[in-house]
Amino acid sequence: MDTLAGFLGHLFIIVAFVSAALSAVAYYKAESSEGVNALSWQKIARLAFGTHAFSVLGTIFTLFGLIYLHSYQYHYVWSHSSNNLPVYYMISCFWEGQEGSFLLWIFWHVVLAFFVARRAGVWEHSAMCVFAAVQAFLCSMILGVVIPYLDLKIGSSPFLLLKEAMPNAPIFSMNPSFVPTDGNGLNPLLQNYWMVIHPPTLFLGFALTLVPFAFLIAGMQKNKPVEWIKPALPWALLGVAVLGIGIMMGAYWAYETLNFEGYWNWDPVENAVYVPWLVLVGAVHLMFSHTRRSSASKWAAALTALSFILILYSTFLTRSGILGNASVHSFTDLGLSGQLLIYLLFFLGVAIYYLASAWRSFPKSEREVSPYHGEFWVFLGALALCLAAFQVLVPTSIPVYNALLKSMGVESNLAPPADQVEFYTKFQLWFGIAIAFLSATAQFFWWNRLQMKTILDAFAVPLILTMLVSAGIIYGQSIKDWQHIVLLTVSVYALLSNVSVLWRMARSSVSINGGAVAHIGVALMLIGILISSAFSEVISLNTTGLLYSKEFSEETNRNNLLLFRNTPQKMQAYTITYKGPRVDSRDAGEYINRDDVQILPKNARMIAKKDLYDSDSTLIGKRGDTLQVYGENTYYEVDLVDQEGKKFTLFPRVQLNPDMGTAASPDIRHFWNGDLYAHLSNIPDPDKEVKWSPADTFEVSLRDTFVVNDFIAVLEEVSKGAPEGDEDYLIYAKVRIMDNGVDYEVKPKFKLKGSMVSRPPEIIEAAGIKMVFENINPNTNRFKFSVQSTQKDWVIIKALSKPFVNVLWIGTLLMGIGTLMAVWQRFRDWKNSQTEEV
C-alpha cells in the first residue's frame, strides 16, 4: 500500500501550520521593534510565510493528485470520489468534505496575502500578523495530530488512511492491506457545473473579509482609527462583489438542481452566509460616508470587525454539527467544534480588545446630522442592512441557544420556524422596501446639495416616472397584494432614481459611479424576486377531476399532470408528451434511451441491447458493447409543442441518491419573459414487483393484425436465428406494436433442444407488454402468442411559469459589475495615495 504521498501531504500540513504560527510571531515582533531588529524580524516573517505558502500548495497538489489517481486507501479520497467521475467533478470532490474546503479557504488567504503584502507598505507588519494568525488557526483544523499523554486530537487530516478511519471494519481484520477498487463518489446533487465554480467563489468571498479586518486591527494597533479605511475599502468592496456573486451562484444552483421551485429557501446555511454579507455591505457604505462625517469611521470599524466575526460564526454553525438536521447543507461533526469555538472566540476577543482600546480616539463630527446630508441616509441604509441581518441571525441561531442551555442543564423548547420561507420573507420583504428606498434617496442627497425648496424639483421627475411605470406593471401583472405593490413601487423608484443619477453624471462628463450601477442591480433583483416568486403560476393542473392516488396530498393531485408514455396531453398553451427515460454517457453526445441498454451494478457501465445511433445516425455502440454511464441519473424526455407549433424538449432528472433518497431535479426552458420550470413529482417504483394481467392468446399468420393492450400489433416476420446457447434451433418472431406514432419491435423466441422447448418472454416496458412465443403450427402456418399487460409507463410532472425571473439574474450581474467598478476606482485611489506618500 502506497502511503508515501499521504505522509508527504501530512508533512506539508504540519510545516504550513508551524510556519504560519512563526510568521505571525515574527510579524508581531517586527511591528513592535524598530530599525535593524524590525528588518530582521520582517525577513524571518516573510520567509516563514513563503514557506507556509509553499506548503499549502504542496498539500493541495498532493491531495488532488491522490483524488485524480483514485488512491482509495485514503479515507477522504474514498469518501468523496469514484472511478466514474470526470476530471471537472474530481475538482468538486476536492472541496466536498470539510478538510478540502478548509484547504480551499487557506489557499485563497495565501493568494490574497501575496497582493496585500506587496502593496501594504507601512501596514504590512500588523496586517500580515493577522493573516498569519488566521492561517495558523485554519491549518490546525486539518492538522490531524494527537498530543501524546493528553490524548488530544487537533484537527482532521485529509490524509488519514481508510483503515485508520475505520479500524473496526471486518475487511481490515482479514486483509490489512485491503484497498477498495472504487470510492463512494461525489454526492449526485453536487455533480453540477455550478458546484465546480460556486464553492471557490464563495470561499474567496469568505477570505476577502479577512483583508479589511486585518487593516482594521493594524489601524487600531498604530492608533490610526481613520487611515486604515483607505487600504481596506477596495478589498471590502471586492468582498461584497465576490461574496454576493457567490451567494447568487448558489441560488442559481438550487434553482436548477433542487425541486423546491425557487432559488432561496432560507436554509440555515444560506442564512449563515447572507448575514455577514449584509453587514459587510453596511460597513462599506459607512467607509464611504466617513469622508463627509468622520464619526462614521467608528461604526465602519465595528461593522468591518463584525462581518469577519460572523464569517467565523457561520463556519462554526455549518461545521460543528450543531445544526443537526436543521440544514441539508451542513457538514457532519468531525470533532472540530471545540477548535472552531476557540477560533471564533479568539478573534472576537482580539476585535473587542482593539476596538475598545481605540474607541475614544475615533474622531467626532463637529456638525449635527441633518436629513439634507447624504451621509444621514447612508447611515440609515447601513442600519437597515444590520437590522435585516439581525432578524435572520437570531432565529437561525436557535440550535446554538438550545445547545448552550442544554450544557447548563436546561431543556429548551425553542425550535426553528416551521415554515422558514414564510417566516423570513414576511420580515425581509419590509427590509427590502427600506433598503430600496434608502439606496435611491441617499444617491440624491449624496450628489446634490438639496434644501427644502429644491427637494421637490430634484425628486419630481423620478417620482412621476415611478408612479407611471409602477402603475403599468401593477395593471399588467394584476398585482393586488398591497405589500407587493409597495415593494414594486419602491423598487421602481430605486431603479429610476439611480438611472437619473447616472444620466446626470454622463451629461456632466463625470466618470460613471459604480455604486449607482450596483444599486440599479439591487432594484432589478428586488423586482425580479417579487414578480417571479409572487406570480409564479402552476400550469400543470389536473383537469380530469380524478385523484391520482389517495396517498398523495391534495396539492399533488391538483397541481400535477399524469403522463403516460407517448400519450399527448393538453397543458394550458402546450401539448405535452412523455417519451421515456434516458441515460447519460460520456461515450455519447446525447442522451440514450434507457430501454436500449442494461445498466450494470454500481451504475458505471451499461451493455447495449441493440445497435445505438445518435440523432445524426452516427453509431454510438454496437449490440453487446459495454459503455460508460452515469447510472444514478435518469432523464425523462418530455416534448412540448406550443400553439404555434414550435417544439422543444425538457429532460427533468431523477437521481437515485443513496445519501438523500430519490432526488428530483428540474429542467428549465428559458424565454425572454420568463422560464418554464418542470420537475417530476412521482415515477413508478423501480423496486416494486410488476403485476401482470392474465394472459391473452393470439393465433395469427404472417402480416396479420391484432390488438394488444389497446395497441395495434402486426406479425411481420418469423425466421430461424443463430443459437444463443446450447439449443438445437432458435426461431424468433418479429412483431411490430404501434403506439401513437411510436413503433416498438418485439422479438419473442422459440427455442428447441431435443424434445425440450424454451419460451423466454420478451418485455416492452414502455408499452407495459410481455409477449411469449407459445407454439408453431406447421400445417396451417399459424403462430401462437400469449400476451400479458401491466400499467403502461408513466410519470407525474409539475410545471410552473416563472415570469421575468431573468430580471433577477440581470440585476445580480449589474450589482456585481457596479461593485467591481467601484473596486477599480478605489484601488486606483489607494495606489495614487501611496504614490503621493512616496
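Up top is the structure.
Keep in mind it's a predicted model, so treat the numbers as computed, not measured.

A. Structural view of the sheet that holds strand 19 (residues 696–700). Ordered in space as 19-28-27-26, the 4 strands form an open sheet in which the pairing is antiparallel. The two strands at the open ends of the sheet, each matched to only one other strand, are strand 19 and strand 26 (762–764). Across the sheet, the axes of successive neighbouring strands diverge by a mean angle of 25 degrees, strand direction being ignored.

B. Expanded view of helix 1 (residues 4–32). The end-to-end C-alpha separation of helix 1 is 42 Å, in line with the 42 Å expected for 29 residues at 1.5 Å each. Of all the positions in helix 1, only Gly 6, Gly 9, Phe 12, Ile 13, Ala 16, Ser 19, Ala 20, Ser 23, Ala 24, Ala 26, Tyr 27 and Ala 30 are classed as buried. In this fold, the buried residues of helix 1 make contact with helix 2 (35–68) and helix 6 (124–140).

C. Main features of the sheet that holds strand 9 (residues 605–608). The 3 strands are arranged 8-9-12 in an open sheet whose pairing can be described as antiparallel. Pairing within the sheet leaves two strands with one partner each, and these edge strands are strand 8 (597–599) and strand 12 (626–628). This sheet shows a mean twist of 35 degrees between the axes of neighbouring strands, independent of strand direction. Relative to strand 9, strand 8 runs antiparallel, the two sharing 3 bridges. Note on strand 9: the bridge partner recorded for Gln 598 is Ile 607.

D. Examining helix 12 (residues 268–289) more closely. End to end, helix 12 covers 32 Å across 22 residues, agreeing with the expected 32 Å (1.5 Å per residue, within 8%). By the criterion of burial, helix 12 is predominantly enclosed, with 20 of the 22 residues buried. If you check the start of helix 12, you find a side-chain oxygen 2.9 Å away from the backbone N of Val 269, and it comes from Asp 267.

E. Geometry of the nonpolar core. Among the nonpolar cores identified, the biggest contains 156 residues, and Trp 105, Phe 131, Phe 213, Phe 215, Trp 228, Trp 235 and Phe 347 are the most heavily contacted of them. At 18 residues, helix 11 (residues 229–257) tops the list of elements feeding residues into this core. Ignoring sequence-local partners within four residues, the contact set of Phe 347 consists of Ala 133, Val 134, Phe 137, Phe 213, Phe 308, Ile 309 and Leu 312. One finds Leu 429, Ile 433, Ala 442 and Val 517 within the second-largest nonpolar core, a separate group that totals 36 residues.

F. Structural detail: the packing of helix 19 (residues 482–507) against helix 20 (residues 514–534). In the contact formed by helix 19 and helix 20, the axes pass within 8 Å of each other and the chain directions differ by 155 degrees. Between helix 19 and helix 20, the crossing angle belongs to the class labelled roughly antiparallel. Remark: the crossing between helix 19 and helix 20 carries left-handed chirality. Of the residues in helix 20, those touching helix 19 at His 484, Leu 487, Leu 488, Ser 491, Val 492, Ala 494, Leu 495, Asn 498, Val 499, Val 501 and Leu 502 are Ala 516, Val 517, His 519, Ile 520, Ala 523, Leu 524, Leu 526, Ile 527, Leu 530 and Ala 534.

Cut-offs applied
Residues numbered from 1 in each chain as written. Predicted model: local features only at pLDDT ≥ 70, side-chain atom pairs only at ≥ 80, totals over all residues. Heavy atoms only, no water. Pairing = 2+ DSSP bridges. Helix = DSSP H or I, 4+ residues; strand = E, 2+ residues; numbered from the N terminus. Axes fitted to C-alpha atoms, helices over the stretch in contact; angles between N-to-C directions. Expected span 1.5 Å × (residues − 1). Buried < 20%, exposed > 50% of the residue type's maximum accessible area, 1.4 Å probe, protein only. Contact = heavy atoms within 4.5 Å. Polar contact = N/O pair within 3.5 Å; in protein donor to acceptor, adjacent residues only side chain to side chain. Core = buried A, V, L, I, M, F, W, Y, C linked by side-chain atoms within 4.5 Å. Parallel < 35°, antiparallel > 145°, perpendicular 65-115°, else oblique. Left-handed = near helix turned anticlockwise from the far one by under 90°.

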